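Coordinate analysis (summary)
The lines below spell out each chain.
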Amino acid sequence: MQAGRIYLDNCVTTCPAPEVLTEMQPYWEKKFWFPGTFISTGESTNSLINKAQNTIAETLEASAQEIHFTSGGTLANNIAIKGLANAYKQQGKHIIVSVVDYPDLLTNAAYLEKNGFEVTYLSADSEGFISLEELKSAIRKDTILFMTTAVNHTVGTIQPFAEIKAILESADHKIYYHLDAGQGYGKIPLKVNELGIDTMSISAHKIHGPQGIGALYQRTGTKLAQLIHGVKRVDNLQTGGLSIALIAGFAKAVELTFRDFEANTAYLRELSNYLLNRIEKEIPYVELNGPRGEKRAPHNINVSIDFIEGEAITMMLDQKGITVATGSACASEGLKANYVLMAMGKTHIQSHGSMKFTVSRYTTKAELDETVQALAEITQELRNRSPLYLAMTKEK
Amino acid sequence: MQYSQKVLDHFMHPHNVGKMENPDAVATEGSPACGDQVTVYLKVDDKTKTITDISFLSYGCASNIATASIITDMAKGKTLEEAKKNYLAGCYGCFGWTSSR
């Protein structure tokens, strides 16, 4: 991270933990070998991979052989979603997803839709929870797959897992269940049997691990049609020659995150609550997007700041050395308002003025103090330039 | 997209920003739904039809604010025709000026 910079965009990526960098170093320099049998170099790498699988599996209450390494969450999502759809298409070609899900899920759904599958898109309520009533009524005889995002990437909403599981299990046939846990893993407890999931994607760089490595959980007995064809180096899914150093770093990051999971997540929630309280107290005309309290992931605060536009706020904070994210259309590739916020029924102004702050265990209250002070000054400055703010003050 | 230093300077420290008291003309273009809205105020010399003062308010992104700052600088001191043709219309489309007189 750039020295002196306050980084509050931890839902996108996190800084690697120093222990992770130390852990990886020998594997870049000396122990770079691919797995293999008979010879000591390959066997040593086998052991490392097995150990890393175990480390991750324990956190999910899964088995080591159910963990497959991938180049990241997106590859894991692709292998799972296309793999499940194609493996079970003889039983049906209907898939259910929601309009607020992570782009990996929505783009895969769109791809499958173009290739002969039917997709039902569930709506979401004003806090980003998917409609359980719609889920119930969407299930058909030919429904083979339901997928959702454990923690919403924009507003931090934790989906109602117990209710989802009960609905899926009440169907008179098996519906496979894929969970994107990119934002959820390491932030909320995720136990595979409790969730009732068949596949799940996770990513190392969201939990202070290295970029370029993730994992796919695949329940024993669940089939995945092969997506990638190539040499089997590290994984049966033929994901190619994944970096052993990155796997070692991922395992270390998992170990650090889960070593004191309760305290870690409590600290994240304390930081988020502190930030939200200060923003709400010190900046008028601000509205929280997403749920308040325990139904929200502990690291996410998303607020709409009225009368001003998020890209301008983000740019000004950046000039002051503070990195945050916005749902403004001007900051998006397609120049469109944030689709999650719009699906939640927010207005264009609320979406364009939305600011997302995501904390990490390295964030300090002093950094949040500095951020709120800067945000309050910037908000006032931009409101002084805003015709919408002027119109509001005239009306009052 | 990387903004140039000039754009950044105009965004961080815009010129001619603020509501004008008793303007000769005022126009608002854009829409909050699109994420951009600008109001421009003018004072115009009756005889010479020259813009003697100009200011703006902006709801919008950095480039919106910087553009308003730059074009208002450029339009100041020009005749209405010159400004409309060369600066204001070019940047924001055809303004429907509303005289407050």
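Residues numbered from 1 in each chain as written. Chains lettered and ligands numbered in written order. Predicted model: local features only at pLDDT ≥ 70, side-chain atom pairs only at ≥ 80, totals over all residues. Heavy atoms only, no water.

Our next topic: the pairing of strand β7 (residues 199–203) of chain A. Residues and elements named next belong to chain A. Within β7, five of the five residues are buried, leaving the element largely enclosed by the surrounding structure. Both faces of β7 are covered, namely the face carrying T199, S201 and S203 and the face carrying M200 and I202. Relative to β7, strand β6 (residues 176–180) runs parallel, the two being bridged by three bridges. Bridged to D180 within β7 is S201. Strand direction decides the pairing type here: β7 and strand β8 (residues 214–218), joined by five bridges, are antiparallel. Counted as the bridge partner of S203 is G214 from β8. (Buried < 20%, exposed > 50% of the residue type's maximum accessible area, 1.4 Å probe, protein only. Helix = DSSP H or I, 4+ residues; strand = E, 2+ residues; numbered from the N terminus. Pairing = 2+ DSSP bridges.)

What follows deals with the pattern of salt bridges. A side chain with one charge may pair with a side chain of the opposite charge, provided their charged atoms come close. All names here are of chain A. In total, this model carries 16 salt bridges over all chains according to the counting rule given. R5 is paired through a salt bridge with D318; the nearest N and O atoms lie 3.0 Å apart. Remark: D318 occurs in helix α10 (residues 310–319) and R5 occurs in the segment before β1 (6–7); sequence separation between them is 313 residues. Given the relative accessible area of 17%, R5 is considered buried. When the shortest N-O distance is used, the salt bridge between R278 and E282 registers 2.8 Å. You can see R278 and its partner E282 sitting in helix α9 (residues 261–282), four residues apart, about one turn around the helix. (Salt bridge = Lys/Arg side-chain N within 4 Å of Asp/Glu carboxyl O.)

Moving on, we come to the packing of aromatic side chains. Two numbers describe a pair of aromatic rings. These are the distance of the centres and the angle of the planes. Residue and element names in this part refer to chain A. One pass over the structure, following the stated rule, counts eight aromatic pairs over all chains. Aromatic pair F146 and Y177: ring centres 5.4 Å apart, planes at 55°, arrangement tilted. Residue F146 is found in strand β5 (residues 143–149), and its partner Y177 is found in strand β6; the two are separated by 31 residues along the sequence. Every member of this aromatic cluster is reached through a ring pair, and the members are Y185, F258 and F261. Sitting over the ring of Y111, K82 keeps its end group 5.0 Å from the ring centre. (Phe/Tyr/Trp six-rings, centres within 6.5 Å; stacked < 30°, edge-to-face > 60°. Lys NZ or Arg CZ within 6 Å of the ring centre and 35° of its normal.)

Remember that the coordinates give geometry; whether it matters functionally is a separate question.
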